[in-house]
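Structural overview
Each chain, written out:
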Amino acid sequence: MANLFTRLKDTISADFHDALDQKEKKNPIAMLNQYLRESEKETEKVRRLVERQYRLKDEFAREYQRSEEMAAKRKHQAEVAQRAGEDTMHEFAVKEQQEYEARAERLKQSRLEAVEQLGVLEQKYEEMKHKLKDMHLKRMDLMGRENIARAHYRMNQVIEDTSDKPYSRFAEMDRYIEDLEYKVNSSYYRNTFDSKVAQLEKDMKDKENITG
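Before going into details, it helps to say that this report is about the structure given with it. For clarity, every value in this text was computed on a predicted model and none was experimentally measured.

Cut-offs and rules
Residues numbered from 1 in each chain as written. Predicted model: local features only at pLDDT ≥ 70, side-chain atom pairs only at ≥ 80, totals over all residues. Heavy atoms only, no water. Patch = residues over 30% accessible without salt bridge, like charges linked within 9 Å, V, L, I, M, F, W, Y side chains within 5 Å. Areas by Shrake-Rupley, 256 points an atom, 1.4 Å probe, with all protein chains shown as cover. Salt bridge = Lys/Arg side-chain N within 4 Å of Asp/Glu carboxyl O. Helix = DSSP H or I, 4+ residues; strand = E, 2+ residues; numbered from the N terminus. Buried < 20%, exposed > 50% of the residue type's maximum accessible area, 1.4 Å probe, protein only. Polar contact = N/O pair within 3.5 Å; in protein donor to acceptor, adjacent residues only side chain to side chain.

Regarding a nonpolar patch on the surface
On the surface, a nonpolar cluster with roughly 500 Å² of combined accessible area is contributed by Met 173, Tyr 176, Ile 177, Leu 180 and Val 184. One can find Tyr 176 in helix 4 (residues 168–211).

Examining the pattern of salt bridges
On inspection of all chains with the given rule, the structure shows 10 salt bridges. With a shortest N-O distance of 3.2 Å, Asp 58 and Lys 57 are connected by a salt bridge. With relative accessibility at 34%, the residue Asp 58 sits in the partly exposed group. The class of Lys 57 is buried, set by a relative accessible area of 16%. In this structure, the salt-bridge partner of Asp 141 is Arg 145, at a minimum N-O distance of 3.2 Å. Taken as a pair, Asp 141 and Arg 145 lie in helix 3 (residues 87–159) at a separation of four residues, close to a single helical turn. Several salt bridges converge on common partners, so that one network encompasses Glu 44, Arg 47, Arg 48 and Glu 51.

A short note on the side chain of Glu 96
Tracing the backbone through its elements, the reader meets Glu 96 in helix 3. Using a relative accessible area of 17% as the deciding quantity, one classes Glu 96 as buried. A distance of 3.2 Å separates a polar atom in the side chain of Glu 96 from a polar atom in the side chain of Arg 74.

Here it is, written out as C-alpha cells:
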C-alpha cells in the first residue's frame, strides 16, 4: 500500500511538473515572473528573520544586564549579612549571586551567538537582495529581447507572404493603389468627357463666327 501511494505521489508530481514545463514553453516570461515572485517571498522571509534576530540580540543584552545587576546586588547583600552575622541570609545571598552570575555568563554566550548568527543572516539577506535585483534586470533584458523578436516576427508577417517572397505584400499594395488610381482617373475622364466635347464645339462655333 505504501508503494502504491508513493507511485501515485510520484505520478501526480510528474504530471504537475510536466504541466509547468508546458506552461513555461507557452509563456516563458510569465513563468519567470512567477519565479521572481517566489524569490521575493523567500527574500522577505529572510528579512523577517533578520529583524527577529535583532530583537533576540537586544533581549539577550537586556537580560544579561539585569543578571549582572542582580549578581552585584546579591554580592553586596551577602557582605552586609556576613558583617551582621546573619548566616542564613548570607548563605541565601551568596547562592543567589552565584545563580545570577551563571545566568549572566549563559546570556553573554547566547548574545555572542546571536550576534554571530545575525551576521550570517544579514550577509545572506544582502546576497539574496543582489540576486533578486539581478533577476529583475535580466527579466527586463529578456522582455526587451522578446519585444524585439515579436516586432520582427510581425514585420516579417507583413513583408513576406505564404510563398516567402520578399516584399510581396507591399508589391500587392502598390498594385492595388495603381489599379485604384487607374479606376479613379478613368472615371474622372469619362465624367468630364462630355463637358470637354461641348467646350470644343463651342470654341469651334466661336471661331467660325469670327472668320465668317
